Each structure stands twice: as structure tokens, then as C-alpha cells.
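For reference, the chains in residue letters:
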There are 2 protein chains.
Amino acid sequence: MAVPMTRRARNASGIALAVPILKQRFGERCETGAAIRAQHAHTTTWIAGEPADAVVFVESHQDVVDLVEVCRTHRVPIVPFGVGTSLEGHVNAPEGGISADFSRMNQVLAVHDEDLTCTVEPGVTRTQLNAHLRDRGLFFPIDPGANATIGGMCGTRASGTNAVRYGTMRENVVALRAVLANGDTITTASRAKKSSAGYDVTRLLVGSEGTLGLITAVTLKLHGIPEAILSAVCPFPTVEAACRATIATVQSGIPVARIELLDGLQVSAVNAHSKLTLPEVPTLFLEFHGSPAAVAADGEAVAALAADEGGGPFKIATLAEDRSRLWQARHDAYWAALGLRPGCTGISTDVCVPISRLAECVEATREDAQELDLVAPIVGHVGDGNFHTLVLIGDDPAERARAATFIGRLSERAIAMEGTCTGEHGIGQGKMAYLRRELGGTVDVMAAIKATLDPDGIMNPGKIFH
Amino acid sequence: MAVPMTRRARNASGIALAVPILKQRFGERCETGAAIRAQHAHTTTWIAGEPADAVVFVESHQDVVDLVEVCRTHRVPIVPFGVGTSLEGHVNAPEGGISADFSRMNQVLAVHDEDLTCTVEPGVTRTQLNAHLRDRGLFFPIDPGANATIGGMCGTRASGTNAVRYGTMRENVVALRAVLANGDTITTASRAKKSSAGYDVTRLLVGSEGTLGLITAVTLKLHGIPEAILSAVCPFPTVEAACRATIATVQSGIPVARIELLDGLQVSAVNAHSKLTLPEVPTLFLEFHGSPAAVAADGEAVAALAADEGGGPFKIATLAEDRSRLWQARHDAYWAALGLRPGCTGISTDVCVPISRLAECVEATREDAQELDLVAPIVGHVGDGNFHTLVLIGDDPAERARAATFIGRLSERAIAMEGTCTGEHGIGQGKMAYLRRELGGTVDVMAAIKATLDPDGIMNPGKIFH
């Protein structure tokens, strides 16, 4: 995370020139107060905040074009900001520059019901979008937990609980409009559902964390709201048994919409926080989408697979309010876990491994937490082999060091198991150390693309790679 | 297609040096005979063959590394070749060089049943892979019709009849091993089902038509063979009615596995070729995958939606042999269409539009064929808004010119309807004229990436862009 001061120093004179120009162009929408700058560098985790020199609230594509024009002229970094829910320091400005706040670019530009697509500005949040779509019988499935913006979710290639059925942002972004470092505006693809017309620039930008350009419009795939939804919980004797049941479910082709694992510690936290009385053992939360007959049949099939692994009872929540309570509890897992140790800082981290290695990876991670005397409950999107731990730490430097060791070992463990150091949070500043260990020379390809499209390094510098 | 002779001339001295070196390294696996060179430049379409100077049969990753080492040293183009089923001139060598034949790199390297992935060499064909997987209860769904190689299918981002349910190569490639123009070998991703670790280099290579590197291994997603398969055919009064029924099916979330449109002319061709007696009107061929109860319910639901549009009778083929006959007929549509005009050349082309524009686009295309006095039956993967025409032409230059006009107008029409000039065939040499009209400045981004990763232009030059 230590960025040579020379970079910030190199940029200082350009920033000094650019900020007054931006104040003239954007008026009160260009803010330089310490509080607002600090708020835009709040990383939600243990990564120290590194505020930008100014925050510009963009309200239109033309605003973004103008912002880039000023910044490229004076070689000033631009750090995109949605609502600030990222977990790996993406919103920091380690080299100074401008935080571009997209939260006011929050219009749904078009919904094409027949095509199951919509086009939105990047500041639209996922719950705002779903509220907009509900009356049309449509929804956007990607649900990373936080009420993130669509632009931010593009940036980190977000996924979450529904990804096992509906895919991630990788599969659900049709096209992007973006402003590049050279000031050009591009639209990366047509609105066709598929295409073989040249390189997949859409997917190059999805997951690029704002380092290749600023997204100003997103065309997304939508889905019909399922006729019936069935939710269930199922306790298991061990994490391994829960993982084996998950593997059997995925292998059998049952189109489960959500299959989430909470370890015993996390279930305890959820019980306390959400006033539930679940057995405090490894537990799967499940959801099925389809016709009433199909979800009933799918639920029965999974209950049988769970029983084969010693899991059960498989409790179905058919009432909408029971379902909501259950999934609210799952979504509140972060807050519930923080409650295990009042006053602590929670360090959220994630990895993803081939599902055959999942039980082994989760178990080794639990053992490692015990060995390092850390409180670190686990929740996982286990249908994808993806899991999170929230490491709860206090102010003791020795404990922080152990937490760093724990997270480092977790990334190395996932990579050794043919997995990735991040399934959905992104590299940002926090996971840079592991990217090359995971992908070797592929990182040189990424860096070459970055250098070509952003030779002056103004697009969210200091993220993904140094 | 006119490449300045200077490029071929520029390369000539390097080629003259490289071929003897390759003969020494590869022995009889480096062939320079005119027949074999011409066979490797057989474009299956009206694009004239442009043979390479030699064909090298690679048999291992190390062979590819060695080939690239020689070619980059002497600035010699390399044109990858699988089994030669591409449709837009991808296998041509307009600047001379080496055709790298991957057909002998045809080993299935690993199958990971629990993870639903496998890793294969690029010369494995899709039917070979599915034969290998069958006993494990798994299959690889991407089915472009031809028995293409997996490497070639990566190159063109292939899709086909099952894409409406299972996605295209974009969604089904997990990771690639590739040799770049600078000689580096990269592995683009881990074996995890999803990742947020940096730029999506996997999807940058998928669809890059061999212009960024040579693929030497592919990790693919697999699927369980469905418990039950139900096939059906349903005639419609008009193309528009068939398209409306398709839209209703997709909107309702019915997970149809295949939904293929044949226009009346194509049905006539299929009847003649495959000895069927289908009504010679616009017809949907459908397939459903799932449990016996689910496919029966899905079939009934679609039959009702079809009836709403005046379609029917909805005839179900439950017997495996009836199903096979039906889909064999669909797969033989190309040969059937050629039979409409014995001795003709068939020019296969494809576009893809938002599904809401599909009926309009198909109708306008049929009218245009009539206006231009061309025989051009239509088949379409209509669930994705993707359709093909096979223009049947003789030797008359005036007719060829009309065919060129027809294909040009088709691409322009698709682009004007917010679609793409190619849904699954790729740009190659044949669609270059339309890429910039479709994507504007995004083509500059592609070209910048190409120039960075292949500064000497040795990787399949003269494809996608000049």
C-alpha cells in the first residue's frame, strides 16, 4: 500500500492547476472540504483512508467528459465513487486527485421489456433498480449484499447470493458506455444478447475497477420475477457435509437460485442479531425460483441430497414474511458478526476455489483462525465455491498482525487449491500482493493494456497493480 | 480483402529464413506442398483462399512455443487452424506465413466431475469431447452445428443452438493457456468458477480470432446430462408469429434449451433433404431439458404461448429416434439448403438483434432477398435474436454482386436495429467493413490492444481489422 511519495508529488502541481478549473466548471459540485474528502475515502475496512484533493459530483455523461478533459490535460488522477461499499480500498486516492462521485447519475434510462434489458446510469443502486422494475414483473438478480451502485458493481465484477443461478456481472452486463483516459467516449457493444464482433471490450471493462475508464451508462440483462419462490434452511453435522450436499445439488443440475453456507459461529451471531433460534451448527440457506411445482420438486430433491449427507431437518419457509426474515438475517450476517465483538473492526475478505476443494479450504481456514486466536465467522456462496470471512479485530497491533497473516494464508491457500484470491471483492489495494502469485505473466498482459489505454496513469491509479 | 502486397513482400524474407528452420525442427510435420496449403486456406465460403507458405502440425504446448519463437524472431505470421469450419476467412494467410494446424493437439487433459469442468487441448472437437464425457453423465453444450474444435470455437466466441439456455463460449470458458506473440506462456485464470482478480484476460482472448495469441489448453464448464429431453416442432402462420411466441417464451422464464426458427423455404429444403413431411411454413424446433415433470410442464406452457400466436399443432417427439431425426434435420439445414440449387456456392452469414426487433429484421431480410432475386433460406437461434441466411449463388458475377449487396444491407440493418453484424461467426476477413460502423471508437481500443500485445503483427494478421 506504500505508494512512493514521488507520484503524489509529481501530480501535485497538476492538481493545483486543475482544482480551480473544476470549481469554475462544477461550482458547488466540486467540494474540497476535509470531511467530504474523508468520507469519500472511507474504505469500510482496515485499509487507511487516502482522501482525494477534491470531490466532483458528476450529473451527466457530459460532466464526466469535461472532468476527464481537465484531468488528462493536467495529469490528475480520477477515482470513481458510487456509494462507497467496496471492500479493498478502491475508493482511495493514494496519488491524490479527484474523487468522481457518481451517486447523482442515478437515472434508469430505458427498460426494454421484450428484450429483457435495461440501460441505467452508473449511480443507480441495485435496490433502486429492482424497485423500478417490480411493476413490470422483472428483476436484476445480482445481489452483493450491500446496496451498491451498478457502476461500482461493474467495477468489481460483483456477484453475491444469486450468482449460482444467474451468473455475475460478467454474465449480466450487455454493453457499457465509458469515457477513456484519452477523452474518447466508447460504447462497447450493441444491445444484442450475443456477438462475435471483435474483442470483448465490455468484459475487459467489467472488473477493471475504474482503472481503464469511467462508466457512464450500463446496459444490463434482466430476468422475469419467478412465479414461485421457495426458501429453506438445513443444518449439517459438519461443514464438509454441507459442502458435499452442495456439490451433489450443483452436479444434479437442480437450478438452485441461492445456496449459502453459514458456519456454526456465524449462525450464533445471526441468532443473536436477528432473534432467530437456529441450531448453531453449519447451516445452508437455500432458495428456489420457478413454477410452484418446480420449486417444490427442487426443494424435495435437495432435502433428499442433504439427508444423504446427514443434514436435516430441511425446513421450508413458504410464507413471504418467513422468507424475508430468513434472508434479511443472511444479509445482516456482516452486522451480526460485528456484534460478536462489540467495538471491533471487521475485515471482510473473500476467496473462491473449485467446489471440490471447498470443504477442505473452509476447514483449513477455520483451523487457522483458531490457531491464530482470531474470531472469524464464515459465510459462503458455496454453490460457486466462494466464501467470506469477517475477521474481527481490536486495536492490538499483534492481533492486527495475526489477522494479516490469516488473510495472507487464506489467499495463498485458495491459490494453491487452483482458486482465486478474490471471488467478488476485487483486488483494489488490499489483494495486490496475491495477483501475480495467482496469475503470473497474465498480470503483464493486464499492465500492458493499462499502459496503452491510460499512459499517464490517471484512471484510479494504485489499484490492481502498482 | 485487398491487403497491400507490401505486407506480404515485407514478410517474404523472414518467411524464407523461417521455413527451413521449421522444417529442421518439425521434420515431416512442416509441410509446404501446394495441396495441403490450399486445403488449409479453404474458407468454405466465397472468400478466396490465400494459402500460407507452410503448414506446421503442432502436437504439444512446447511445439507451439517453439513455433512462436521462430516466427517472432523472423516476423512471420501464424494462422491457427483447427478443422477449417470457420465462415469468415479466418484460416487465410493474406500476408503469408505459417498455418499452425492444431488438429493433433486433441487430448482431453483432465475432467473434474465434482467441479463440472474439464481441461482440453484446442484440437479436441466438440463431438469428441461429448463422446468422452458421456459415461460420466456430463456434456459440453456449445453446439455451433459444425464439428468444430474447441480452440476454434474459443477463437470465434462460438455459440449455436443451445446458447439460449447454456450461454456461448463467453460464458463457458473458465481459463485458457496461451502463447503470446512475445513468446510468453500465460494461464489467464484459475479454475474457480468466478473471480474478481484483475482484468478478464480469458474473455479478451475468447473471440479474438487468434489475433492475440495461440491457445494451447482450454478449461471449460460442463453440465450434467439432463434427466429428460423433450423435443417438439410447431408451425406458425408467419415469421412474426413465431418470433412473438419466442419472445413470450423467453420473457416467461421457461428455460428452453433450444428454440430454432426455420422459414418456409428452409423447411422445404429440409423436407427434401431429410425426407420429412413438415408443413412448409415458418416453424419452430424446440427442446427442453430437465426432470420428466419439468420438461412436460415447460412443453405445455410453450404450446399454449404458441397457440396464442396462431401456432400449432405443437408436435412432441418423445422417442429418442424421433428426436434425433428432427435435430439431425436441423443440423443438416446447411446441406439441405445447398440442395435447393445444385452446384451452387452457399454463402453463410449471420447477424443478431435485440429479440424485439427480430421479426422485423427477418421479414425485411426475406423481402430484400426477393427484391434482389436471390435464394436465401433463413434459420435462426431465435431465442437469442440470432439468425443466419445461406445465400445460394452461381457463377454469374452480377448475381455475386447482388449477394454482396444483400449481405451488406443485412449487416447494416442489424446494426441499425441496435444489433450486431455477427452473432457467432466472427469478423474474420468477411465482416471487417462493418465492425467500425457497429462499434465506432471501441475498434480503436481493440486495435491499441492488438498493437501492444502483437507489435509486429504476427498473430493472424489481416483479421478483424486491417
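Each value, and the rule that gives it
Residues numbered from 1 in each chain as written. Chains lettered and ligands numbered in written order. Predicted model: local features only at pLDDT ≥ 70, side-chain atom pairs only at ≥ 80, totals over all residues. Helix = DSSP H or I, 4+ residues; strand = E, 2+ residues; numbered from the N terminus. Rg over C-alpha atoms; globule rule 2.2 N^0.38 Å. Buried ≥ 20, exposed ≤ 12 C-beta atoms within 10 Å, placed from the backbone. Contact = placed C-beta atoms within 7 Å. Nonpolar A, V, L, I, M, F, W, Y, C, P; charged D, E, K, R; others polar. Pairing = 2+ DSSP bridges. Core = buried A, V, L, I, M, F, W, Y, C linked by C-beta atoms within 7 Å. Least-squares fit on C-alpha atoms with pLDDT ≥ 70 in both. Axes fitted to C-alpha atoms, helices over the stretch in contact; angles between N-to-C directions. Expected span 1.5 Å × (residues − 1). Arc of directions from axis to C-beta. Domains from an automatic or database assignment. Parallel < 35°, antiparallel > 145°, perpendicular 65-115°, else oblique. Left-handed = near helix turned anticlockwise from the far one by under 90°.

This paragraph deals with the overall build of chain A. Of the regular secondary structure elements, chain A holds 17 helices and 18 strands. Here chain A has a C-alpha radius of gyration of 22 Å; the compact-globule value for 466 residues is 23 Å, and the two agree. Its C-alpha atoms put chain A at 65 × 55 × 40 Å along the principal axes. When each of the 466 residues of chain A is scored for burial, the buried share is 59%. Expressed as a percentage of contacts within chain A between residues at least 6 apart in sequence, the contacts between residues at least 24 apart total 71%.

Let us look at the interface of chain B and chain A. Residue-level contacts link 76 residues of chain B with 76 residues of chain A. Of the residues forming the side of chain B that touches chain A, the biggest block, eight residues, is contributed by helix 17 (residues 442–453) of chain B. Classifying every residue of the side of chain B that touches chain A gives 30 nonpolar, 31 polar and 15 charged.

Time to look at the pairing of strand 16 (residues 345–352) of chain B. Residues and elements named next belong to chain B. Across the eight residues that make up strand 16, a large majority, six, are buried. Taken together, the eight bridges between strand 16 and strand 18 (residues 386–393) define a ladder with antiparallel strand orientation. By the bridge assignment for strand 18, serine 348 is matched with leucine 390.

Turning our attention to the nonpolar core. Residues A:Val56 and B:Val56 are the most contacted members of the largest nonpolar core, which totals 299 residues. Apart from residues no more than four positions distant in its own chain, B:Val56 is found in contact with B:Leu22, B:Phe26, B:Arg29, B:Cys30, B:Leu67, B:Ile98, B:Ala100 and B:Asp101.

Superposition record for chain B on chain A: RMSD 0.0 Å, screw rotation 180°, translation along axis 0.0 Å. Taken together, the rotation angle and the small translation identify this as a two-fold axis.

Further remarks concern the sheet that holds strand 9 (residues 185–187) of chain A. All names here are of chain A. Pairing is antiparallel across the open sheet formed by five strands, whose spatial order is 5-6-10-8-9. Edge positions in the sheet fall to strand 5 (108–112) and strand 9, since each of these pairs with one other strand and no more. The average undirected angle you get between the axes of adjacent strands in this sheet is 15°. In terms of strand pairing, strand 5 meets strand 6 (residues 117–120) through four bridges, oriented antiparallel. Residue pairing across strands places alanine 110 opposite threonine 119, the latter belonging to strand 6.

All right, on to the sheet that holds strand 6 (residues 117–120) of chain B then. Residues and elements named next belong to chain B. With antiparallel pairing, the five strands of this open sheet are ordered in space as 5-6-10-8-9. Both edges of this open sheet fall to strand 5 (108–112) and strand 9 (185–187), since each of them pairs with a single strand only. Strand-to-strand twist of the sheet, defined as the mean angle between neighbouring strand axes without regard to direction, takes the value 15°. With seven bridges joining them, strand 8 (residues 173–180) and strand 10 (residues 213–221) adopt antiparallel strand pairing. Following the sheet pairing, arginine 177 is matched in strand 10 by alanine 217. Those strands touched by helix 3 (residues 61–73) are strand 8, strand 9 and strand 10, and its axis lies near 150° from that of strand 10.

Let us now look at the pairing of strand 14 (residues 283–290) of chain B. All names here are of chain B. Within strand 14, eight of the eight residues are buried, which leaves it mostly tucked inside the rest of the structure. Where burial is concerned, the two faces of strand 14 agree: the one with Thr283, Phe285, Glu287 and His289 and the one with Leu284, Leu286, Phe288 and Gly290 are both buried. Note that strand 12 (residues 228–235) and strand 14 share eight bridges and pair antiparallel. If you follow cysteine 234 over to strand 14, its bridge partner there is leucine 284.

As a further point, take unusual backbone geometry. All names here are of chain A. Here the residue pair glycine 312 and proline 313 is connected by a cis peptide bond, since its omega of 0° sits within 30 degrees of zero. Residue position: proline 313 is located in the loop between helix 11 (292–308) and strand 15 (315–317). Its identity is not glycine, yet aspartate 373 carries a phi of approximately 55°, on the positive side. Looking at where aspartate 373 falls in the secondary structure, it is placed in the loop between helix 14 (358–371) and strand 17 (378–381). For aspartate 373, a count of 10 C-beta atoms within 10 Å translates into the label exposed.

The next subject is helix 11 of chain A. Residue and element names in this part refer to chain A. Between the first and last C-alpha of helix 11 there are 25 Å, a value that for 17 residues agrees with the 24 Å anticipated at 1.5 Å per step. Ala294, Val295, Asp298, Gly299, Val302, Ala303, Leu305 and Ala306 are the residues of helix 11 that are buried. Buried residues of helix 11, viewed axially, fall in a sector of 165°; they line one side. Among the exposed residues of helix 11, those oriented more than 90 degrees off its buried face are Glu300 and Asp308.

A few words on the domain arrangement of chain A. Residues and elements named next belong to chain A. Taken domain by domain, chain A comprises domain 1 (5–103 + 448–453), domain 2 (108–224), domain 3 (228–335) and domain 4 (337–427). Here the C-alpha centre of domain 4 lies 28 Å away from the C-alpha centre of domain 2. Each partner contributes to the interface: domain 2 provides nine residues, whereas domain 4 provides seven residues. Across the side of domain 2 that touches domain 4, the residue classes break down as four nonpolar, four polar and one charged.

Before going further, it helps to spend a moment on helix 11 (residues 292–308) of chain B. For helix 11 of chain B, the elements touching its buried residues are helix 11 of chain A together with strand 12, helix 9 (239–251), strand 13 (256–262), strand 14 and strand 15 (315–317) of chain B. Taken from the residues just after helix 11 of chain B, B:Gly310 is the one with a positive phi, measuring 85°.

For the rest of this paragraph, the subject is the packing of helix 17 (residues 442–453) of chain A against helix 17 of chain B. Put simply, helix 17 of chain A and helix 17 of chain B touch, their axes get as near as 10 Å, and they point 125° apart. Accordingly, the angle class assigned to the pair helix 17 of chain A and helix 17 of chain B is oblique. At the point where helix 17 of chain A passes helix 17 of chain B, the crossing takes the right-handed sense. On helix 17 of chain B, the residues that touch A:Val445, A:Ala448, A:Ile449, A:Thr452 and A:Leu453 of helix 17 of chain A are B:Val445, B:Ala448, B:Ile449, B:Thr452 and B:Leu453. When its residues are assigned to classes, the contact of helix 17 of chain A with helix 17 of chain B shows eight nonpolar, two polar and no charged.

On to the packing of helix 9 of chain B against helix 11 of chain B. All names here are of chain B. Viewed as axis vectors pointing N to C, helix 9 and helix 11 meet at an angle of 140°, and their least axial separation amounts to 9 Å. When the interaxial angle is binned, helix 9 and helix 11 end up oblique. As helix 9 runs across helix 11, the sense of the crossing is right-handed. Contact residues: Ala245, Ala248 and Thr249 in helix 9; Val302, Leu305 and Ala306 in helix 11. Among the residues making up the contact of helix 9 with helix 11, the classes are represented as five nonpolar, one polar and no charged.

Further remarks concern the environment of A:Val351. Residues and elements named next belong to chain A. Take valine 351: it is sitting in strand 16 (residues 345–352). Given 33 C-beta atoms within 10 Å, valine 351 falls into the buried group. Separated by 34 residues in the primary sequence, valine 351 and glycine 385 have C-alpha atoms spaced 8.4 Å apart. Among all residues touching valine 351, those that are not within four sequence positions of it are Phe387, Leu410, Ser411, Ala414, Gly419, Thr420, Cys421, Thr422 and Gly423.

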